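Analysis of the macromolecular model
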There are 4 protein chains.
Amino acid sequence: MRFDSPSSFGRHFRILTFGESHGPAVGVVLDGVKPGLPFDLEAIQQELDRRRPGQSDLVTPRQEADRLQILSGVFEGRTTGHPIALVVFNTNQRSGDYAALRDLFRPGHADLAYQRKYGLRDPRGGGRSSGRETLARVAAGAWAKARLAERGVTIRGFNREIAGIPGAGPEWAFVEANPLRSGDPEAFPVQRAAVEAARNAGDSVGGVCEVWIEGLPVGLGDPAFGKLDAELAHACMSIGAVKGVELGAGFAAARMKGSEHNDPLGPEGPLKNDAGGTLGGISSGAPVVVRLAVKPTSSIGQLQQTVDASGQPAQVRVEGRHDPCIAPRIVPVAEAMCALVVYDAWLEQESLRGADGAPLRDGPEAHLAEP
Amino acid sequence: MRFDSPSSFGRHFRILTFGESHGPAVGVVLDGVKPGLPFDLEAIQQELDRRRPGQSDLVTPRQEADRLQILSGVFEGRTTGHPIALVVFNTNQRSGDYAALRDLFRPGHADLAYQRKYGLRDPRGGGRSSGRETLARVAAGAWAKARLAERGVTIRGFNREIAGIPGAGPEWAFVEANPLRSGDPEAFPVQRAAVEAARNAGDSVGGVCEVWIEGLPVGLGDPAFGKLDAELAHACMSIGAVKGVELGAGFAAARMKGSEHNDPLGPEGPLKNDAGGTLGGISSGAPVVVRLAVKPTSSIGQLQQTVDASGQPAQVRVEGRHDPCIAPRIVPVAEAMCALVVYDAWLEQESLRGADGAPLRDGPEAHLAEP
Amino acid sequence: MRFDSPSSFGRHFRILTFGESHGPAVGVVLDGVKPGLPFDLEAIQQELDRRRPGQSDLVTPRQEADRLQILSGVFEGRTTGHPIALVVFNTNQRSGDYAALRDLFRPGHADLAYQRKYGLRDPRGGGRSSGRETLARVAAGAWAKARLAERGVTIRGFNREIAGIPGAGPEWAFVEANPLRSGDPEAFPVQRAAVEAARNAGDSVGGVCEVWIEGLPVGLGDPAFGKLDAELAHACMSIGAVKGVELGAGFAAARMKGSEHNDPLGPEGPLKNDAGGTLGGISSGAPVVVRLAVKPTSSIGQLQQTVDASGQPAQVRVEGRHDPCIAPRIVPVAEAMCALVVYDAWLEQESLRGADGAPLRDGPEAHLAEP
Amino acid sequence: MRFDSPSSFGRHFRILTFGESHGPAVGVVLDGVKPGLPFDLEAIQQELDRRRPGQSDLVTPRQEADRLQILSGVFEGRTTGHPIALVVFNTNQRSGDYAALRDLFRPGHADLAYQRKYGLRDPRGGGRSSGRETLARVAAGAWAKARLAERGVTIRGFNREIAGIPGAGPEWAFVEANPLRSGDPEAFPVQRAAVEAARNAGDSVGGVCEVWIEGLPVGLGDPAFGKLDAELAHACMSIGAVKGVELGAGFAAARMKGSEHNDPLGPEGPLKNDAGGTLGGISSGAPVVVRLAVKPTSSIGQLQQTVDASGQPAQVRVEGRHDPCIAPRIVPVAEAMCALVVYDAWLEQESLRGADGAPLRDGPEAHLAEP
């Protein structure tokens, strides 16, 4: 997925995110927005609320209002076709919590790398490296999701695994009804116990988040560097805690035979879906299934070995309010990133197959309506 | 990693690849090349030869000369600072092999998706979706690799696993000495037997390719969408047969506790490397370790269920010359893609910390020289 | 000059502007900012004040505070290397003035084109097409100007001509001391009388703005589409009222002989400057001189022939507060756009000639230090 | 108009040019090409032939075959939707002519700037700065022109003025029938005499090239930095010999009153065209009229004052085969650059107003069909 700056993402529909966790505001500019569309701020706010902390005793109790404001690009409730700037002003920053960390590099955090890369850093909650940056992604992704919903595409995520405990399913009705976004009511109590045990030990656990993209036409994504798989991998791996991404059978495919792994084709499309919804990097019409490896939260209450700003050995315990498992809050972020990729690929295909692009019998509408 | 077009990659050092497997030529334009550098065509040719088919009975016997030619950007053996166009004219195309496939969609191949995406396709060897496109990447990556070598960075890959058979190591001296690029002399005979068995059965197997990037300074990569992890994931997942990418502990991290997974920090950097060489998406000074899930080759000699161009059920057997395991030839491509990402990140950091960018005691040179 | 979106500009140092004249705010995100630099908000505010209306009876009396606020990217008075979002919240909008124009297209304005392009528009003061968008450019340009000043580059503009009355000079001390930014104390009274006459007749006049860029090293700008001339032309022609751009002798060069126009070269550089400071599109070390044709303000108090939203013939008189001559307020905008181009070209050259780029005796520092 | 590299141009339809005048080849990669379009190499070759030297005694007698070859992206006579690489291999290079210039910087040429910018240069015919680079633009522009012709848009250029001698008209039938591409049969003999006189004196003259873009719908071009005027200015000013660009009344507008310059609007669009076909930077439906100031050819046979590579004063006479007036050969290049801008703006508008972009009664088709 193209970007010019580490803070921007997308080609046709582009976003630029800005803001630090403890600066004045966090925001995003949506660019490449078509004119004349209703802009539903509340629908976007609802997606933001899904990633907000403080929603259960399994996530950080930090309370943030996170009310989104429109600065530009909307007139009388409709998009004008010009950049839409959205901001959330920061509140409840309690930067005091972080004073102690000013000269200590937290293991697993960006502290050391930022200090060395930039020569200075904002120690308050990680500044730009804070998970708070993802609220800008979720706001932008909510817009993309709504556009895709109009086209019959749904994007839903859940946690396939928490603390090493796999779940069956998913039972979608259950996912948003439990604080871990677990897909399996039977695995949930065990997963919950594992998270609580970690929290009580001042430790943390990880999980495997899975996103399903359903209702795609054949033909989204591009060859070479523009493969849908590649863009989804970039998008998902750019989320802070994610250390691995796979599509379909993923790593298991490396252990299969071609005769097992190849998905036979039928008139309606692939007859099974080990490929995870792509062929040659382009959507096949089958659901696109992406899995993200979410590492355990780096902020833990236990004493850890580290160095201080002068390079001397030291020990650090990360006080303050942290998630014993970040995977539940990664789910809406992963959905948002997938939505940005897929919506942009859709616009690319509209652009590729426009006007003089194709024989009528296979025009863009026909095409995008299939299968 | 930014791109404007599915065929281009890179921000500071950019490449644009073109060409189809059975068209007149395959090529690449290198852009953002600094002036006054010696241009060693033979060194690049040697990397191309590493991915060339026909090097053992475990890969396709197809013979290709793949001689690279310079069309521009080099004067009296030095780069001029202008775009360097490199091409390989195609020979030995035997497109006859593919005539039978003109109206059949091969399972696991891009055929169906291309036909539906573009409304037409070049059926000869997959056209643009052919693995042959990767020779342009290897040529460009060879250039990037050489620039990184000057900076003390080495990028080496091997197969950690073939046909589900894991190997220890790697023993680097052994890697280029065996046709599977296996890292383990003890596992190799078993892996080789598995590949041969698949070949004899007209089937194929996959593998797990691992790339080590050593000698990086702290500070390469960017926040948000520019994380080194994200760019490496994009780069590696854009290789045809790759269905999963992970860094460091990768998916195993999802099953670890924070207290296990966090790498303690010492004066020399991380004291272990479960993170795989990044902190907050930025290089930590530890080796960057990337693993790629390589699916079994889609082209198999067995009869498979499919549909024809008119959507009717059909059966297909892919004749012609194919690799029973593509993983060995993926290794140089994976190295090349990692080299493109890392070299571009290095140029980004040079640009970020140039002239007025930083206090002298922490200037770019000092910075980039650090451990 | 690259852009991905009509609202963004720059390659290494990029800006993205947003906001409508009567929406909540106008703003800009500065991206590609180096870390560790002092950020002087007041210095930027001073440049904004130079373009602010209401500073004399020769420009619109509209009063706007235009106080700039920082939303991100600055910590303890220094840049962090992350995007800097700057906004001005709109006040004193008096959109009532525009109610009458809701269904009328003003000649010379974007109204008709926006309505037809987007299918809807914000009729209040032109929305995105308002000159108010330029304050975002001036804020960004002020930052670029300060970086260039550190490098010994000065960028100054004045009006070479007002209402067809040319001036000699410029006398720089006089430029900022007169409301027309005329360069010639002798021509000024005549120019002023012409502007007053136009204002009193409910009419408007134009001018020719000239920008001098002094202190450039040899070597800024690029070949082909990246010529400094081309980027300056793009930058200046993107300012609302500008209908022509020329460098050096400009259109007069078309009437000269090669033997007259070619600037002979001496050891210190060109011996005269008909080229306007570039050779082959790259800075020659001589001052870069750019001239902009500024059309008369489109908003005039006289009755004009037009059509209404339904396409029916109508007449319109533009009430409200307008500049009888916009050229004085174009000067700081033109300086800002030139600063963006030159600073970006400087960063490009730093990047081109970094580390492995060149023989030491001709390294970037040496190089960029040269006359 | 966006570019990432000085050698690339365009957003939706992108080109990347490569090659030096005396290297192996000059070429261009067309990217963002829609699939399924007939690719007419001969039609492109014909445009190339229009800029080719040696067509009269008023231009350089150098003979070049300039036969274009397709390397990729075309299958069975149709575009595949993948990058189309086109090359012309260089012949008849006679670099001997330039040996004498190796250590001398020619006034008016890029020599000095390139040497200082890059630290080295290809002295043979200017290398990358050679006018020969424009054949890549003409090839790409020919493709864009053909796409625009399908949409009812015509792009035609001529010389409004040669050697300071203005012409009336244009009489289009006469333009391609005379070696100066003069638009006026009466002015032509005088213009011709002036060019011959310059040639015989070993001198050169300039001209003013004018391009008419007719048949545009309302709504092409974008706000802010994407104004059609700005993109045309960038495109035209990026042509080697061009030192000024204006639209419509251009510099004359600076001397008009608002009541004179504003184009009144009628139901069919503007009632006159001093704006030159744009409103707020967006096409108004009136013809877009662009004028380019073409400087006299820098290569002249007279002795000129210069410096050598060591910075010592010297004299130089440019031997070899040169155009006494380059304006006639600029015309097809200017048409090509305008075609690239307009075709890209058309694709942008298709993309902006696609699918969910607008109410049906004002959809892209309806919209783009309008006068």
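You'll find the structure just up there.
Residues numbered from 1 in each chain as written. Chains lettered and ligands numbered in written order. Predicted model: local features only at pLDDT ≥ 70, side-chain atom pairs only at ≥ 80, totals over all residues. Heavy atoms only, no water.

This paragraph deals with the interface of chain B and chain A. With 108 residues of chain B at the interface, the matching set in chain A holds 108 residues. On the chain B side of the contact with chain A, B:K117, B:F225 and B:K243 bury the most area, a combined 12% of that side's loss. Our count for the contact surface shared by chain B and chain A stands at 6 salt bridges. Where B:E161 meets A:R255, a salt bridge forms, and the shortest distance between an N and an O atom there is 2.5 Å. Joining chain B to chain A, the criterion identifies 41 residue pairs in polar contact (both at pLDDT 80 or more). A per-element tally of the side of chain B that touches chain A places helix α3 (residues 111-118) of chain B first, with 7 residues. Along the lines of polarity and charge, the residues of the side of chain B that touches chain A split into 45 nonpolar, 37 polar and 26 charged. Where strand β11 (residues 242-247) of chain A lies against strand β11 (residues 242-247) of chain B, 3 bridges are found, and the strand directions are antiparallel. Looking across to β11(B), one finds that A:G244 is bridged to B:E246. (Contact = heavy atoms within 4.5 Å. Buried area = accessible area lost by both parts, 1.4 Å probe. Salt bridge = Lys/Arg side-chain N within 4 Å of Asp/Glu carboxyl O. Polar contact = N/O pair within 3.5 Å; in protein donor to acceptor, adjacent residues only side chain to side chain. Helix = DSSP H or I, 4+ residues; strand = E, 2+ residues; numbered from the N terminus. Nonpolar A, V, L, I, M, F, W, Y, C, P; charged D, E, K, R; others polar. Pairing = 2+ DSSP bridges.)

Here we take up unusual backbone geometry. Residue and element names in this part refer to chain B. Look at the link from G169 to P170: it is a cis peptide, with omega at 15°. For P170, the location among the structural elements is in the loop between β9 (165-166) and α5 (172-175). Unlike most non-glycine residues, R181 shows phi in positive territory, near 50°. You can see R181 is positioned in the loop between α5 and α6 (188-200). Accessibility expressed as a relative area gives 9% for R181, which makes it buried. Unusually for a residue other than glycine, A224 sits at a positive phi of about 50°. (Buried < 20%, exposed > 50% of the residue type's maximum accessible area, 1.4 Å probe, protein only.)

Okay, the sheet that holds strand β3 (residues 25-31) of chain B next. Residues and elements named next belong to chain B. The antiparallel open sheet is built from 5 strands, whose spatial order is β1-β2-β3-β7-β4. Of all the strands in the sheet, just β1 (8-9) and β4 (68-70) have a single pairing partner and so form its edges. The pairing of β4 with strand β7 (residues 84-89) spans 3 bridges and is antiparallel. Residue pairing for β7: L68 is matched across the bridge by V88. Sitting on the sheet, helix α4 (residues 134-150) is in contact with β2 (14-19), β3, β4 and β7, with an inclination near 30° to β3. (Axes fitted to C-alpha atoms, helices over the stretch in contact; angles between N-to-C directions.)

Another point: helix α7 (residues 228-237) of chain A. Burial of α7(A) is extensive: 10 of the 10 residues sit out of reach of the surface. Here α7(A) has its buried residues at A:L228, A:D229, A:A230, A:E231, A:L232, A:A233, A:H234, A:A235, A:C236 and A:M237.

Residues and elements named next belong to chain A. This structure, assessed with the given rule, holds 0 disulfides over all chains. The closest cysteine sulfur to the non-disulfide-bonded C338 is located on C236, 3.9 Å from its own sulfur. The exposure class of C338 is buried, given its relative accessible area of 0%. (Disulfide = S-S within 2.5 Å.)

This part takes up the pattern of salt bridges. With the rule as written, the count across this model stands at 119 salt bridges over all chains. Between B:D222 and A:K117 there is a salt bridge, and its shortest N-O distance comes to 3.5 Å. Of this pair, B:D222 sits in the loop between β10 (207-214) and α7 (228-237) while A:K117 sits in helix α3 (residues 111-118), on two different chains. Accessibility expressed as a relative area gives 0% for A:K117, which makes it buried. Between A:E210 and A:R160 there is a salt bridge, and its shortest N-O distance comes to 3.0 Å. Within this pair, whereas A:E210 is found in strand β10 (residues 207-214), its partner A:R160 is found in strand β8 (residues 154-162), the two being separated by 50 residues in sequence.

Below, the discussion takes up the environment of D:I155. Residue and element names in this part refer to chain D. Topologically, I155 is positioned in strand β8 (residues 154-162). Spatially, the C-alpha atom of I155 lies 33 Å from that of G320, the residues being 165 residues apart in sequence. When residues no more than four places from it in sequence are discounted, the contact partners of I155 are K145, L148, V211, W212, I213, E335, C338 and A339.

Here we take up the relation of the copies chain B and chain A. Structural alignment of chain B on chain A gives an RMSD of 0.0 Å, achieved by rotating through 180° and translating 0.0 Å along the axis. Here the transformation between the copies is reduced to the relation of a two-fold axis. Of the residues that chain B buries at the interface, 100% are likewise interface residues in chain A, meaning the two copies contact each other through the same surface. (Least-squares fit on C-alpha atoms with pLDDT ≥ 70 in both.)

Here we take up the environment of C:D49. All names here are of chain C. By secondary structure assignment, the location of D49 is in helix α1 (residues 41-51). By relative accessible area, D49 is classed as partly exposed at 22%. In the structure, D49 is positioned 235 residues away from S284 in sequence and 33 Å away in space, judged by C-alpha atoms.

Take helix α4 (residues 134-150) of chain C next. With 17 residues, α4(C) should reach 24 Å at 1.5 Å per residue; the first-to-last C-alpha distance of 24 Å fits that figure. Count one or two residues on from α4(C) and you reach C:G152, which has phi positive near 85°. (Expected span 1.5 Å × (residues − 1).)

Right, let's talk about the sheet that holds strand β7 (residues 84-89) of chain C for a bit. All names here are of chain C. On the basis of which strands lie adjacent, the open sheet formed by 5 strands has the order β1-β2-β3-β7-β4 and antiparallel pairing. Of all strands in the sheet, those bounded by a partner on one side alone are β1 (8-9) and β4 (68-70). Inspection of the sheet shows strand β2 (residues 14-19) paired to strand β3 (residues 25-31) by 6 bridges, in the antiparallel sense. The partner of L16 across the bridge, within β3, is V29. Contacts between α4 and the sheet are confined to β2, β3, β4 and β7, with β3 contributing the most and set at about 30° to the helix.

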